[in-house]
Amino acid sequence: MSTESSRTTAAIQARKGTTEQMLGRVRDTLRQMRRDGMSIQTAVVARRAEVSRTFLYQNAEAKKLLTEAAADDTTSPTTSRARTGDQASPWKDRALNAEDALKAAYAEISNQRGQIGQLLGQIRELELDLPADAVERMTTENRTLRQENRKLTTDNQRLTDRLKAARENNRFLDTRIARLEAELADHLNLGQGPQQGHPADLRSGPAEP
């Protein structure tokens, strides 16, 4: 548990450090753009600060810095046009991001199509290498193997039933043998009773006068 907690803490600290570095680049970029008298635009700030536009939109501190810089840009003669363009820039940026994602998707689709074409070509080559009757022969062998599998399954079930019946007969015979042994023991005990009493009777007979 302590190891997982330390790893989580380290990951959070690393992420915070990365965010602070990105914010530092944004501050430096905005300061340089104000010094150069450049119009504050999201796309330009993102490109010069080497951060994503999504970071500028979602990070509260970066968004605040961008808003303050745009407000300080009111002294410029082209402020109204710049502010109007900056207000519309998020939608333009999102459209550009969507266009980039669409291009990446098209590239991935094209790559997948190329791989599918290569695989189909390999399949065709394998089909050409096979004899003319290979497919029919393989189908026949497959059908034969299925029939043999069904036959073996049936034989296995029949042998299982026979084994079960043999075990039932064995238990029945064991029970019968135990009962016969008990009856035989009873008969032997009854037969031994008079034999044990006979010598005693002879010894206890009447004495001679």
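First, a word on what this report is: a plain description of the structure on this page.

The rules behind the values
- Residues numbered from 1 in each chain as written.
- Predicted model: local features only at pLDDT ≥ 70, side-chain atom pairs only at ≥ 80, totals over all residues.
- Heavy atoms only, no water.
- Helix = DSSP H or I, 4+ residues; strand = E, 2+ residues; numbered from the N terminus.
- Buried < 20%, exposed > 50% of the residue type's maximum accessible area, 1.4 Å probe, protein only.
- Contact = heavy atoms within 4.5 Å.
- Areas by Shrake-Rupley, 256 points an atom, 1.4 Å probe, with all protein chains shown as cover.
- Patch = residues over 30% accessible without salt bridge, like charges linked within 9 Å, V, L, I, M, F, W, Y side chains within 5 Å.
- Salt bridge = Lys/Arg side-chain N within 4 Å of Asp/Glu carboxyl O.
- Core = buried A, V, L, I, M, F, W, Y, C linked by side-chain atoms within 4.5 Å.
- Polar contact = N/O pair within 3.5 Å; in protein donor to acceptor, adjacent residues only side chain to side chain.
- Expected span 1.5 Å × (residues − 1).
- Arc of directions from axis to C-beta.

1. What about the overall build of the protein chain?
For step 1, the next point in the chain: Along the backbone of the protein chain there are six helices and zero strands.
For step 2, the next point in the chain: Starting at the N terminus and walking to the C terminus, you meet the elements of the protein chain as α-α-α-α-α-α.
For step 3, the next point in the chain: Expressed as a percentage of the 209 residues in the protein chain, the buried residues total 14%.
For step 4, the next point in the chain: The long-range share in the protein chain, meaning contacts at least 24 apart out of those at least 6 apart in sequence, stands at 57%.
For step 5, the next point in the chain: With an accessible surface of roughly 17200 Å², the protein chain has 55% of that area assigned to carbon and sulfur atoms.

2. With respect to a nonpolar patch on the surface
For step 1, the next point in the chain: Judged by side-chain polarity, L102, Y106 and I109 come together as a nonpolar surface patch covering roughly 310 Å² of accessible area.
For step 2, the next point in the chain: Looking at the secondary structure, you find I109 in helix α5 (residues 79-129).
For step 3, the next point in the chain: With relative accessibility at 39%, the residue I109 sits in the partly exposed group.

3. Digging into the nonpolar core
For step 1, the next point in the chain: V26, L30, I40, V45, V51, F55 and L56 are the most contacted members of the largest nonpolar core, which totals 17 residues.
For step 2, the next point in the chain: Listed by contribution, the elements that provide at least two residues to this core are α1 (2-35), α2 (42-49), α3 (53-58) and α4 (60-72).
For step 3, the next point in the chain: Considering each element in turn, this core owes the most residues, five residues, to α1.
For step 4, the next point in the chain: Discounting residues that sit within four places of it in the chain, L56 has contacts with V26, T42, V45, A46, V51, A62 and K63.

4. Concerning α2
Residue pairs three or four apart in sequence face the same way in an α-helix, which turns once every 3.6 residues.
For step 1, the next point in the chain: Taken together, the buried positions of α2 are occupied by T42, V44, V45, A46 and A49.
For step 2, the next point in the chain: Within two residues after α2, E50 carries a phi angle of roughly 60 degrees, on the positive side.

5. Focus: the side chain of N59
For step 1, the next point in the chain: Residue placement: N59 occurs in the loop between α3 and α4.
For step 2, the next point in the chain: Polar contacts involving the side chain of N59 include one to the main-chain amide nitrogen of A62, which spans 2.9 Å.
For step 3, the next point in the chain: Beyond its immediate chain neighbours, meaning those up to four positions away, N59 contacts T19 and L23.

6. Digging into α4
For step 1, the next point in the chain: Given a rise of 1.5 Å per residue, 13 residues ought to cover 18 Å, and the 18 Å separating the end C-alpha atoms of α4 matches this to within 8%.
For step 2, the next point in the chain: Here α4 has its buried residues at A62, L65, L66, A69 and A70. Along the long axis of α4, the arc covered by the buried residues comes to 130 degrees, so they all point the same way.
For step 3, the next point in the chain: The N-terminus of α4 is capped by N59, whose side-chain oxygen sits 3.1 Å from the backbone nitrogen of E61.

By themselves these figures say nothing about function.
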